[in-house]
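Geometric and topological summary
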Amino acid sequence: MCGIVGYIGTQQAAPLIVSGLKRLEYRGYDSTGVCVLSDDAMRIEKRAGRVKDLENIVDIASIHGSVGVGHTRWATHGVPNDANAHPHTDQDGGIALVHNGIIENYLTIKKKLESAGYSFRSDTDSEVLAVFIGMLYKTLGDLELAVRTALTEVEGTFGIVVVSVHEPDMIIAARRGSPLILGIGNGEYLVASDASAVISHTRQVVYLQENEMAILTRDGFSTKTIENVDTRSVVEEIAFELEQIERGGFDHFMLKEIYEQPITFRDGFRGRLNIEEGSVRLGGLGPVVDQLRQAKRIIITACGTSWHAALVGEYLIEQLARVPVEVEYASEFRYRNPIIHHDDVVIAISQSGETADTLAAIREAKLKGATVIGMVNVVGSTIARETDAGVYLHAGPEIGVASTKAFTSQLCVLTQFALFLGRMKAVSAQQGKDLADALEQIPEQITRILDNAEPIKKIAHEYAQASNFLYLGRGYNFPAALEGALKLKEISYIHAEGYPAAEMKHGPIALIDENMPVVFIAPKDEIYDKIVSNIEEVRARNGRVIAIADDDDEHIARVANHVIRVPRTIPMLTPILASIPLQLLAYYIALERGCNVDMPRNLAKSVTVE
Ligand code: F6R
């Protein structure tokens, strides 16, 4: 949420910052701004809209200077307009700041500043912080001290970068709750909200820790806590390649990521799954194996798509390991004073590893003594660091705002986790082998679905103008139905609901008429006949049925209006295969409606605010 890039070095800062911002746009795209220092002056250009909108009206190459910051915004306080765009300056225009996060006590600070005669040009909490730093600088005469003093009074979350004409050969960065990394170049340093903005300059990075500040000059950098205690920073290598964050010939990142799934899914079990022994090796769980073996209960906490994966995880773990599982929205979990015992294991699932609610939930769980495990995609992210142990998804960078490949990788990891735990308990080697065999076939089965996208495009064309959709599934596919509905509403803005299919007659059936497309996930499992009865109920009310069914299911075409075929797998793995056509259906419907698939309105990747 919000993209930040800062640069200090020998090159022209503006073009470099702008190209970094383009890579960060998936974090927010409401407005764009840059600030560059040169000859004791500061030039700021900022506009509502995307980076390209700024480029259309400002000749970026004409902005000279080798120190600067830039920002792409996801609006929290104040509408997306030019005035609310970052960078924000202090009263005298000598200090500029970009900010990701929320200053919760900004109104209190603002009142204090107003009574001291200060005024404001924007509606943002971020400008209040800039003006506050400026006021402190006047008395302290030291930028670092002014920033540190301001931050000790601030409540809320921030990743900030500050530059100033008063001390022009320096950049100050600080974080609490919003990620920042330093890029270590040769005589040049960058600071950014994530590694994608720096990888074309350097692969060497330092992940700033919670409550840490960094002072960057052309000659080096130092880190310390906001309370001014020196810290030791570890330089790490970025864990992905530049090509992975480029579109690579696809029209959209979302489509690219959908088509990457045969590979990303395989990467999720490569080196972990032992088919011969029907077992799984999850090295990252080494430190907590005993706690896992003894756990009386597992709580999985997550948000959005990751929460849907958690629901599938609940079915998988209970089935294979016979341990009770509860799934909680992280946003609810953190605030309702949950009952947690020391022999509970709490699992946090997150693509970004930065989601504010999930992070707060694991902190709460740790405080109450639980063992906390992360299932995270982004290497080095905050959740990955703050959990006792974890399993990386290995899906590679996910740029499309609507999560796709991370979801199937989450299911891949959850299946293995359930087997890992199950094999310590009642699951036999043969049962484990059957599951491992089926899992190993999934990448090739996904490829077959992707190779046959034409029928899905046709269905998308036929239903693109619908106002509502229902998604129904049972058992393992109830969460898949929720996820299908979420994908559609996120990128096409069509209202969609997911339900357990049998729940339909307890209310949603009232919505069914000839204008209501209903997507059924109907694999041939032990409840197949029940699903077919639910389909008949919809058809009897003239609803239009799109069924996701096994490729050898001959009966289904007699009851459904449209059938999307997927290869046969074991029931446990059906949500993985079902989710592929659901992603494609949402994608093609959104295209038909002319929506911006990669940057849907109001959304942003990585929700680092509450
Ligand atoms: C949906 C989507 C969101 C995220 C949610 C959690 O397509 O992307 O619902 O799943 O914001 O994000 P992570 O997994 O990064 O914690």
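All of these numbers come straight from a predicted model, not from anything done at the bench.

Next up on the list: the pairing of strand 8 (residues 171-176). Taken across its six residues, strand 8 has six buried, putting it largely inside the fold. Alternating positions in strand 8 separate into two faces, Ile-171, Ala-173 and Arg-175 on one and Ile-172, Ala-174 and Arg-176 on the other, with burial throughout. With four bridges connecting them, strand 7 (residues 156-164) and strand 8 associate as antiparallel partners. By the bridge assignment for strand 8, Val-162 is matched with Ile-172.

What follows concerns the packing of helix 7 (residues 261-269) against helix 14 (residues 429-450). One can describe the packing of helix 7 onto helix 14 by two numbers: an axis separation of 8 Å at closest approach and a directional angle of 170°. What the angle tells us is that helix 7 and helix 14 run roughly antiparallel. Counting all contacts with helix 7, which are made through Gln-261, Pro-262, Phe-265, Arg-266 and Phe-269, the residues of helix 14 involved are Leu-439, Glu-440, Ile-442, Pro-443, Ile-446, Thr-447 and Leu-450. Its residues placed into classes, the contact of helix 7 with helix 14 shows eight nonpolar, two polar and two charged.

We now examine the pairing of strand 21 (residues 389-392). Because side chains alternate across strand 21, one face comprises the buried residues Ala-389 and Val-391, and the other comprises Gly-390 and Tyr-392, none of which is buried. Relative to strand 21, strand 20 (residues 371-376) is paired through four bridges, and the arrangement is parallel. Of the residues in strand 21, the one forming a bridge with Met-375 is Val-391.

Below, the discussion takes up the sheet that holds strand 17 (residues 297-302). Spatial ordering of the open sheet is given by 18-17-19-20-21, a layout of five strands whose pairing is parallel. This sheet does not close on itself; its edge strands, each paired only once, are strand 18 (325-329) and strand 21. Averaged over all pairs of adjacent strands, the angle between strand axes in this sheet comes to 20°, irrespective of strand direction. Docked against the sheet, helix 11 (residues 356-367) engages strand 17, strand 19 (344-350) and strand 20, running at close to 165° with respect to strand 19.

Note the cis peptide between His-86 and Pro-87, where omega equals 0°. Relative to the assigned elements, Pro-87 resides in the loop between strand 4 (67-73) and strand 5 (88-89). Backbone geometry places Asn-211, a non-glycine residue, at a positive phi of 65°. Within the element layout of this structure, Asn-211 appears in the loop between strand 11 (204-207) and strand 12 (212-217). You can call Asn-211 partly exposed: its relative accessible area is 26%. The residue Asn-337 is not glycine, and still its phi comes out positive at about 45°. Inspection of the secondary structure assignment puts Asn-337 in the loop between helix 10 (330-333) and strand 19. Classification of Asn-337 by relative accessible area gives exposed; the value is 55%.

Let us look at the environment of Phe-265. By the secondary structure assignment, Phe-265 is in helix 7. A residue is classified by how much of its surface remains accessible, and Phe-265, at 0% relative accessible area, is buried. Sequence separation of Phe-265 and Cys-412 is 147 residues, and the distance between their C-alpha atoms is 6.6 Å. With sequence-adjacent residues up to four places away left out, Phe-265 is seen in contact with Thr-408, Cys-412, Leu-439, Ile-442, Pro-443, Ile-446 and Ile-576.

This part covers the packing of aromatic side chains. Across all of its chains, the model carries seven aromatic pairs by this definition. A centroid spacing of 3.9 Å and a plane angle of 10° characterise the contact between Trp-307 and Tyr-329, whose relative ring orientation is stacked. In this pair, Trp-307 sits in helix 9 (residues 304-321) while Tyr-329 sits in strand 18, placing the two residues 22 residues apart along the sequence. Residue classification places Trp-307 among the buried positions, given a relative accessible area of 11%.

Once that is clear, we can look at the domain arrangement of the protein. Split by domain assignment, the protein resolves into domain 1 (3-238), domain 2 (247-448) and domain 3 (452-598). When each unit is reduced to the centre of its C-alpha atoms, the spacing between domain 1 and domain 3 is 45 Å.

Right, let's get into the pattern of salt bridges. Counted according to the given criterion, the structure contains 35 salt bridges. One salt bridge in this structure joins Arg-270 and Asp-267, with 2.9 Å as the shortest N-O distance. What makes Arg-270 exposed here is its relative accessible area of 53%. What makes Asp-267 partly exposed here is its relative accessible area of 23%. Here Arg-297 and Glu-326 are joined by a salt bridge, their closest N and O atoms 3.1 Å apart.

Quick look at the layout of surface pockets now. Here the largest pocket defines a volume of roughly 850 Å³. Along its surface, the largest pocket is lined by 40 residues, and Cys-303, Gly-304, Thr-305, Glu-490 and Val-607 are the ones closest to its centre. Every element with two or more residues in the lining of the largest pocket is listed here: helix 9, strand 19, helix 11, helix 16 (477-492) and strand 23 (495-500). For the lining of the largest pocket, the leading source of residues is helix 16, giving six residues. Per-class residue counts for the lining of the largest pocket are 17 nonpolar, 15 polar and eight charged. There are two domains that each give the lining of the largest pocket at least three residues, and those are domain 2 (247-448) and domain 3 (452-598). In this structure, the second largest pocket encloses a volume near 560 Å³.

Another point: the side chain of Ser-164. Summarising the element assignment, Ser-164 is placed in strand 7. Apart from residues no more than four positions distant in its own chain, Ser-164 is found in contact with Leu-37, Gly-94, Ile-95 and Leu-143.

The next subject is the state of the cysteines. In total, this model carries zero disulfides according to the counting rule given. Free cysteine Cys-303: the closest other cysteine sulfur is in Cys-2, separated by 18 Å. On the accessibility criterion, Cys-303 (23% relative accessible area) is partly exposed.

On to the site of the ligand. Around the ligand lies a shell of 15 residues, among which Ser-306, Ser-350, Gln-351, Ser-352 and Thr-355 are the nearest. Thr-355 is positioned such that a nitrogen or oxygen atom in its side chain is 2.4 Å from an oxygen atom of the ligand. Contact with the protein chains removes 87% of the 410 Å² of surface that the ligand exposes when unbound. Mapping the ligand onto the cavity grids shows that it belongs to the largest pocket. If you list the elements that add at least two residues to the shell around the ligand, you get helix 9 and helix 16. For the shell around the ligand, the class distribution of residues is five nonpolar, eight polar and two charged.

The rules behind each value
- Residues numbered from 1 in each chain as written.
- Predicted model: local features only at pLDDT ≥ 70, side-chain atom pairs only at ≥ 80, totals over all residues.
- Heavy atoms only, no water.
- Buried < 20%, exposed > 50% of the residue type's maximum accessible area, 1.4 Å probe, protein only.
- Helix = DSSP H or I, 4+ residues; strand = E, 2+ residues; numbered from the N terminus.
- Pairing = 2+ DSSP bridges.
- Axes fitted to C-alpha atoms, helices over the stretch in contact; angles between N-to-C directions.
- Parallel < 35°, antiparallel > 145°, perpendicular 65-115°, else oblique.
- Contact = heavy atoms within 4.5 Å.
- Nonpolar A, V, L, I, M, F, W, Y, C, P; charged D, E, K, R; others polar.
- Phe/Tyr/Trp six-rings, centres within 6.5 Å; stacked < 30°, edge-to-face > 60°.
- Domains from an automatic or database assignment.
- Salt bridge = Lys/Arg side-chain N within 4 Å of Asp/Glu carboxyl O.
- 1 Å grid on protein atoms, 1.4 Å probe; cavity = no way out; pocket = protein on both sides within 12 Å on 5 of 7 lines; lining within 4 Å.
- Points joined across faces, edges and corners; volume = space filled by probe spheres on them.
- Disulfide = S-S within 2.5 Å.
- Near = heavy atom within 4 Å.
- Polar contact = N/O pair within 3.5 Å; in protein donor to acceptor, adjacent residues only side chain to side chain.
- Areas by Shrake-Rupley, 256 points an atom, 1.4 Å probe, with all protein chains shown as cover.
- Sits in = over half its atoms within 2 Å of the grid points.

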